[in-house]
Amino acid sequence: MPEATTLPGKGTSPPAQPAALSAAARGDAPAFVPRNFGLTVFALCLATFMQVLDTTIANVSLPTIAGNLGVSMSQGTWVITSFAVSNAIFLPLTGFLTRRFGEVRLFIWATLLFSLASFLCGIATHMTELIIFRALQGAVAGPMYPITQSLLYSLFPPSKRGMAMAILAMVTVVAPIAGPLLGGWITESYSWEWIFIINVPIGIFSSFVVAWQMRSRAASTERPKIDYVGLLTLVLGVGALQLVLDLGNEHDWFASGTIIWLTALSVVSLLVFLIWELTQDDPIVDLRLFRHRNFRNGTAALVVAYAAFFSIGLLVPLWLQRTVGYTSIWAGMAAAPIGILPILLTPFIGKYAVKTDLRLLATGAFIVMSVTSFIRSGFFIGIDFFHIAAAQFLLGLGVALFFMPMMTILLSDLTLKEIPAGSGLSTFLRTLGGSFSASITTYVWEKRAVVHHAHLAEHISPSNPQAMQTLEQLSQANGGDPAPGLALINQLITQQAYQISFNELFHVLGWLFLLLIPLVWMTKPPFSAKHGGGDGGH
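Residues numbered from 1 in each chain as written. Predicted model: local features only at pLDDT ≥ 70, side-chain atom pairs only at ≥ 80, totals over all residues. Heavy atoms only, no water.

> I would appreciate a short explanation of the overall build of the protein in the present structure.
Helix and strand counts for the protein stand at 23 helices and two strands. A total of 538 residues make up the protein; the buried ones form 51% of that total. Within the protein, residue pairs in contact and separated by at least 24 positions form 85% of the contacts whose partners lie at least 6 positions apart. Counting every atom, the protein has about 23500 Å² of accessible surface; 69% of that belongs to carbon and sulfur. (Helix = DSSP H or I, 4+ residues; strand = E, 2+ residues; numbered from the N terminus. Buried < 20%, exposed > 50% of the residue type's maximum accessible area, 1.4 Å probe, protein only. Contact = heavy atoms within 4.5 Å. Areas by Shrake-Rupley, 256 points an atom, 1.4 Å probe, with all protein chains shown as cover.)

Here you go:
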């Protein structure tokens, strides 16, 4: 059994006010209130915004980074892969690390180390260095989001925790959208190194504010035994799985011996991990959290819905650039309206959501996401910018109604002590769902486009007089040479094939969102956290 110790914070707490005492008597006050509540919340969210932003900010800069460091584009993608693999490994360790170091201390050190890793990325002179530092950055970023979620949850009184989740949901939505836009602007206006170096002052500021404001917050820590078998199988299983998902399309999946061996390693390691963790008294990842009904069903709905949402965020910019012919900047502008409504509606949803059944809000979110998916299933190559942006704007309503209710629901039947582990585990599964989604979506889009290209090309034959007439006209326009005409027709067929595949995928996504609604209704109110011991005096 772990040995528990209590580490009192330094300094003294501010004197309790009568209103706070009254709230505490009603059971509607947090155990700890920082001296400057607004500044503390801002610092927590700023650090998380920085961390989430870094998952996408380097994407548009990859060609520049690869060129400057003298490597191929495929080698350059390891800048993304190294971050994703290490981040996926450390996310589920959040609960263990919290028990060992405490929430506030873990947040401060993770944020400072993230700043250091970002600085090292910015001064890297070789691709090997950059990959190593990005892996370090991904590792220390792992606990940052779950710990922020747990700290915000504990700082807000029970009646206002919906606002905490709404604020964090806004960060979750806006940061990935801002990443490519900001990354592209910094790379074009300055240099790629600055997409990492800008994190340094932000991280130092956030960690300093949180350390200053929360220094008197009591921290209950333990010295749990390190579960070496669980840790080893987690690293091997998740690391190999993330590599399979990142490299699968590039290596033609199971036609590659590398992918086959990585898959086998992942499956065996994860099976051993599951069996071992479920039989240990002190597991490194607490899989027993799934015994909670709301956590189990809420996490399942969140993971699948986020995977579908991730597909939208991936497909739309790719489609705009590959099929419609938009530049990266215009594709970003067309996709950006998704963030407008979440920003505008966050205060209202956070304030009033707790007064209604959160399952109704989540249902509304899935209906809106489904409707926008069906709308996109009717898109065509010549569609104008307004309709593309309008669909993104409407999707923002679904996003605004989605993240806050789902995060609140899945955390609702955990004790406050279980929330860091639960948040880390659900965030890990959500991230893994996004990785699965990215690989599957691009694979299916490409493969279905090949099938549709073959079907459309069948119509270009001597038995089709209209096709022959068009080809003849194109040949005459090129001095009797049929090659340019055939190339143009093939280009148009390819374009239409990708468009049909795009429409099919969104039709499937539309039904998927609807099928998730019953899963949400398997959760049960009340959707407020249980009382229980934990960090910070809970």
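> Help me understand the side chain of Thr233 in this model?
Structurally, Thr233 is set in helix 13 (residues 228–247). Judged by its relative accessible area of 10%, Thr233 falls in the buried class. Engagement of the side chain of Thr233 in a polar contact is seen with the backbone oxygen of Val229, the distance being 2.8 Å. Those residues in contact with Thr233 that lie beyond four places of it in its chain are Ser269, Val272 and Phe273. (Polar contact = N/O pair within 3.5 Å; in protein donor to acceptor, adjacent residues only side chain to side chain.)

> Can you help me understand the environment of Phe380 in this one?
You can see Phe380 is positioned in the loop between helix 18 (358–376) and helix 19 (385–411). Along the chain, Phe380 and Gln499 lie 119 residues apart, while their C-alpha atoms are 6.7 Å from each other.

> Would you mind going over a nonpolar patch on the surface with me for this structure?
Together, Trp109, Leu112, Leu113, Leu116, Phe119, Ile123 and Ile204 make up a nonpolar patch on the protein surface, roughly 640 Å² of accessible area in all. Sort the elements by how many residues they give to the nonpolar patch and helix 7 (residues 103–122) lands first, with five residues. Within the element layout of this structure, Ile123 appears in the loop between helix 7 and helix 8 (127–141). For Ile123, a relative accessible area of 44% translates into the label partly exposed. (Patch = residues over 30% accessible without salt bridge, like charges linked within 9 Å, V, L, I, M, F, W, Y side chains within 5 Å. Salt bridge = Lys/Arg side-chain N within 4 Å of Asp/Glu carboxyl O.)

> Quick question: what am I supposed to make of the side chain of Ser154 here?
Tracing the backbone shows Ser154 in helix 9 (residues 144–155). Look at Ser154 and you get buried, because its relative accessible area is 4%. For Ser154, the side chain forms a polar contact with the main-chain oxygen of Leu151, separated by 2.9 Å.

> How should I be thinking about empty space enclosed by the protein in this particular structure?
Empty space among the atoms becomes apparent when a probe as large as a water molecule is rolled across them. Applying the stated criterion to the full structure yields three cavities of 30 Å³ or more. Space inside the largest cavity adds up to approximately 60 Å³. Surrounding the largest cavity, Ala166, Ala169, Met170, Val173, Pro342, Thr346, Ile349, Val399, Ala400, Phe403 and Met404 form its lining. Broken down by secondary-structure element, the contributors of at least two residues to the lining of the largest cavity are helix 10 (161–189), helix 17 (340–352) and helix 19. Among the residues forming the lining of the largest cavity, the class breakdown is 10 nonpolar, one polar and no charged. Its volume calculated, the second largest cavity comes out at about 50 Å³. In terms of lining, the second largest cavity is formed by Tyr145, Gln149, Leu302, Met407, Leu410, Ser426, Thr427 and Arg430. Of all the secondary-structure elements, those providing two or more residues to the lining of the second largest cavity are helix 9, helix 19 and helix 20 (419–457). Considering each element in turn, the lining of the second largest cavity owes the most residues, three residues, to helix 20. Here the lining of the second largest cavity is built from residues that sort into four nonpolar, three polar and one charged. (1 Å grid on protein atoms, 1.4 Å probe; cavity = no way out; pocket = protein on both sides within 12 Å on 5 of 7 lines; lining within 4 Å. Points joined across faces, edges and corners; volume = space filled by probe spheres on them. Nonpolar A, V, L, I, M, F, W, Y, C, P; charged D, E, K, R; others polar.)

> In this structure, what is going on with the environment of Val371? I would like to understand it.
Within the secondary structure, Val371 is located in helix 18. The exposure class of Val371 is partly exposed, given its relative accessible area of 39%. Separated by 20 residues in the primary sequence, Val371 and Ala391 place their C-alpha atoms 9.4 Å from one another.

> Is there a simple way to explain the confidence of the model for the protein in this structure?
When pLDDT is low, close inspection of the predicted coordinates is not appropriate. Overall, the predicted model of the protein reaches an average pLDDT of 79, with 84% of residues at or above 70. Summarising per-element confidence for the protein, the mean pLDDT is lowest in helix 1 (residues 18–25) (40) and highest in helix 18 (93). Taken together, the stretch residues 1–27 has pLDDT below 50 and engages in 32 contacts with residues farther than four places along the chain or on a different chain. Overall, residues 531–538 carries pLDDT values under 50, and its contacts beyond four positions in sequence, including any with other chains, amount to 26 contacts. (pLDDT = per-residue confidence, 0-100.)

> Please clarify how the pattern of salt bridges should be interpreted in this entry.
Two side chains that carry opposite charge are able to pair once their charged atoms sit near each other. For the structure shown, the criterion picks out three salt bridges. In this structure, the salt-bridge partner of Glu418 is Arg291, at a minimum N-O distance of 3.1 Å. One end of the pair, Glu418, is in the loop between helix 19 and helix 20; the other, Arg291, is in the loop between helix 14 (257–278) and helix 15 (293–324), and 127 residues separate them in sequence. Using a relative accessible area of 52% as the deciding quantity, one classes Arg291 as exposed. Put simply, Asp357 and Arg359 hold a salt bridge, and the shortest N to O gap is 2.9 Å.

> Explanation requested: the nonpolar core in the structure shown.
Across soluble globular proteins, nonpolar side chains show a tendency to be buried alongside one another. In this structure, Leu130, Trp319, Leu320, Phe366, Phe402 and Phe403 are the most contacted members of the largest nonpolar core, which totals 135 residues. Sorting elements by how many residues they give to this core places helix 19 first, with 14 residues. In contact with Phe402, other than residues within four places in its own chain, are Leu302, Ala305, Tyr306, Ala365, Phe366 and Met369. (Core = buried A, V, L, I, M, F, W, Y, C linked by side-chain atoms within 4.5 Å.)

> Any chance you could explain helix 2 (residues 37–53) here in plain terms?
Think of an α-helix as turning once every 3.6 residues; residues three or four places apart then point the same way. For helix 2, with 17 residues, the first-to-last C-alpha span of 24 Å sits near the 24 Å given by 1.5 Å per residue. Residues of helix 2 that are buried: Thr40, Val41, Ala43, Leu44, Cys45, Ala47, Thr48, Met50, Gln51, Val52 and Leu53. (Expected span 1.5 Å × (residues − 1).)

> Would you take a moment to explain the packing of aromatic side chains for this structure?
Given two aromatic rings, their pairing is described by the distance between the two centres and the angle made by the two planes. In this structure the tally under the stated criterion is 18 aromatic pairs. Residues Phe374 and Trp511 carry aromatic rings whose centres are separated by 5.7 Å and whose planes lie at 80° to one another, so their mutual orientation is edge-to-face. Of this pair, Phe374 sits in helix 18 while Trp511 is found in helix 22 (residues 482–515), placing the two residues 137 residues apart along the sequence. Take Phe374: its relative accessible area is 27%, and that puts it in the partly exposed class. Its relative accessible area of 47% is what places Trp511 among the partly exposed residues. The interplanar angle of 65° and the centroid separation of 4.8 Å between the aromatic rings of Phe402 and Phe403 together place this pair among those described as edge-to-face. As far as burial versus exposure is concerned, Phe402 and Phe403 are alike and both buried. These aromatic residues form a ring-pair network of at least three members: Tyr306, Phe309, Phe310, Phe366, Phe402 and Phe403. Over the aromatic face of Tyr145 sits the side chain of Arg430, whose NZ or CZ is 5.0 Å from the ring centroid. We note Arg430 situated over the ring of Tyr306; from NZ or CZ to the ring centre the distance is 5.0 Å. (Phe/Tyr/Trp six-rings, centres within 6.5 Å; stacked < 30°, edge-to-face > 60°. Lys NZ or Arg CZ within 6 Å of the ring centre and 35° of its normal.)

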